[in-house]
Amino acid sequence: MAINHPSFGTLDDDRIIFFDTTLRDGEQSPGFSMNLEEKLRMAEELAELGVDVIEAGFAIASPGDFESVQSIARKFAKDGPVIASLGRANPADILRSAEALKPAARKRIHIVLATSELHMRVKLRLTPEEVLDLTTSSVTLGRQHSDDVEWSAEDGSRSDPDFLCRCVEAAIKAGATTINIPDTVGYSMPEDMARIFRDLRNRVPGIEKVVLSAHNHNDLGMAVANTLAAIQAGVRQIESTINGIGERAGNASLEEVAMALRTRRDALPFRNNIQTPRILRTSKLLATITGFDVQPNKAVVGRNAFAHESGIHQDGVLKDASTYEIMTPESVGWTTNSLVLGKHSGRAAFRDKLKALGYGEIGDNALNDAFRRFKDIADRKKVVYDEDVAALVDDEVVRGNDRVKLVGLTVATGLGVRPMATLALEVDGERRDGMATGDGAVDATFIAIRQAFPHDVALKLFAVQSVTGGTDAQARVTVRLEENGKLVDGQGSDTDTIVAAARAYVHALNKLLAKRERTMPPEFQAALTA
Ligand code: KIV
Ligand code: ZN
């Protein structure tokens, strides 16, 4: 039966809403934090991908979270996605979400409250009756600030079924328009999921007026299976993240759910708005921003997802790809012809390529910087692949507002020679130089950075990956820095691994500065960055 929803109007029974929580649940996992520019870039990409709801953050969590929700809310017009902010079931959280969402053309207040016996007793220290009352009062307050309110039963999958039914009924009576039952700890099996939602649909008065939603964690590797089982049991909103990132083992991965729906329409006859050829682009952007590539055998977006190694498989695929491929690589954005531009290509061809790769409007400064770097790479590399272009554009776009820029680097190294790095930074437009020796070229470079821009942080991770194959491939380096228990990751790519490492370090440093600015009163900032 169709549902009349405040944000979506008439929702037919075969329509699946994609609620993306990459910027909230995904961003909560260690090492995956993003700065404001990165979140805005990701939000833009998620909208292009066709997600219906973007959970932009947890507005009360920090001034930075508030600013992200507010900026993302400001970004989209009426034809854009619904923007959601999460809060707990108390007035301060809900009012903070409402405030951050004020500029949104389409908004949702998302309220979470634990309903399992364990969480209520140990974490909330509330009785079931108190939780019921809070459900009613929080949703009522939410509805005073937004027509679209989602209520989530944290640890819902481990909650007593009778009590869960009572809470859901209370939330609906108070005006919730989406009811989400998370498998918060990733404990459920697909049959459990199906039973929970069938039970709610059979027992809760008014359930036919709201959208049911599933939010599954992947602790036992069943998040996607549970999500599909939930859909079969009547769920019409699924909560997922790009590359499956999220708390602990992550959330259901958007790309896997979307491709299961597309590939198995026979078993799952549902419609959705996801533009699947954009999936790879979105996955790679997230990997560039966070510095974490997906594993090679990751379904849909792993680099081996469509690779055929054995002779028998290769033979079959050459005769007819459907022998070993259940979906085409193109349907998720893999291109077979990824050889792109050469060193004689001009700015117009470069801009065209960016459009073909799915980049929307890129600011002139970012375009100029990316084009300059493309020329530089084209000079050094025999062939420039789509992946190379994407890596360098993503690099430039997310670094638009960096205060510290790497403007020069020379490294002398060799057998029996103590490596020496000479480097120039631009800090708020002012040039600063550094020169240092070290226990290797990378060490010397990082010491030179600290000399040019003194700071005291611990290096926690240094990882190198290659963007494409071959000895002339670009290296993508991830650097993780720690300051006062706070972790930031920076990324950099270049055909020269040391340059990539320096870019990554400087990127991490910029994130650290942005973090400090967001959390420190202005009078302390000058002292810290002096
Ligand atoms: O896993 C969970 O329970 C959540 C809720 C906030 C929806 O992330
Ligand atoms: Zn979650």
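Parameters at a glance
Residues numbered from 1 in each chain as written. Chains lettered and ligands numbered in written order. Predicted model: local features only at pLDDT ≥ 70, side-chain atom pairs only at ≥ 80, totals over all residues. Heavy atoms only, no water. Buried < 20%, exposed > 50% of the residue type's maximum accessible area, 1.4 Å probe, protein only. Helix = DSSP H or I, 4+ residues; strand = E, 2+ residues; numbered from the N terminus. Arc of directions from axis to C-beta. Pairing = 2+ DSSP bridges. Axes fitted to C-alpha atoms, helices over the stretch in contact; angles between N-to-C directions. Contact = heavy atoms within 4.5 Å. Near = heavy atom within 4 Å. Polar contact = N/O pair within 3.5 Å; in protein donor to acceptor, adjacent residues only side chain to side chain. Areas by Shrake-Rupley, 256 points an atom, 1.4 Å probe, with all protein chains shown as cover. Nonpolar A, V, L, I, M, F, W, Y, C, P; charged D, E, K, R; others polar. Donors = N, O, S within 2.8 Å, 3.2 Å for Na, K, Ca; no water.

Quick word on helix 13 (residues 347-356)
Within helix 13, the full set of buried residues consists of F350, K353 and L354. Summarising the axial view, the buried residues of helix 13 lie within an arc of 100°, below the 170-degree limit, and thus occupy one face. Of the exposed residues in helix 13, the ones pointing more than 90 degrees away from its buried face are A348, K355 and A356.

Notes on the sheet that holds strand 13 (residues 430-437)
Across a sheet, paired strands are connected by hydrogen bonds in the backbone, their directions being either parallel or antiparallel. The three strands lie next to each other as 11-12-13, forming an open sheet whose pairing is antiparallel. Pairing within the sheet leaves two strands with one partner each, and these edge strands are strand 11 (404-414) and strand 13. Ignoring which end each strand starts from, the neighbouring axes of this sheet average 10° apart. Note that strand 12 (residues 417-427) and strand 13 share eight bridges and pair antiparallel. Paired with E426 across the two strands is R431, which belongs to strand 13. Helix 16 (residues 441-452) rests against strand 11, strand 12 and strand 13 of the sheet, and its axis sits at about 140° to strand 13.

Thoughts on the site of ligand 1
Around ligand 1 lies a shell formed by R24, D25, L86, H110, V112, S152, E154, N180, P182, T184, H215 and H217. Between ligand 1 and R24 there is a distance of 3.0 Å, counted from an oxygen atom to a side-chain nitrogen or oxygen. Protein contact buries 92% of the 260 Å² of open area that ligand 1 shows by itself. The set of elements that each furnish at least two residues to the shell around ligand 1 consists of helix 1 (22-26), strand 6 (107-114), strand 7 (149-154) and strand 8 (178-183). Looking at the shell around ligand 1, its residues break down into three nonpolar, six polar and three charged.

A few points about the coordination of the zinc ion (ligand 2)
Donor atoms from the polypeptide that coordinate the zinc ion (ligand 2) comprise D25 (OD), H215 (NE2) and H217 (NE2), at 2.0 to 2.1 Å from the metal. Mapped onto the sequence, the donors of the zinc ion (ligand 2) take the spacing D-x189-H-x1-H. Pair noted here: D25 is in helix 1 and H215 is in strand 9 (residues 211-216), with a separation of 190 residues, a long-range link. Each member of the pair, D25 together with H215, is buried.

Remember that the coordinates give geometry; whether it matters functionally is a separate question.
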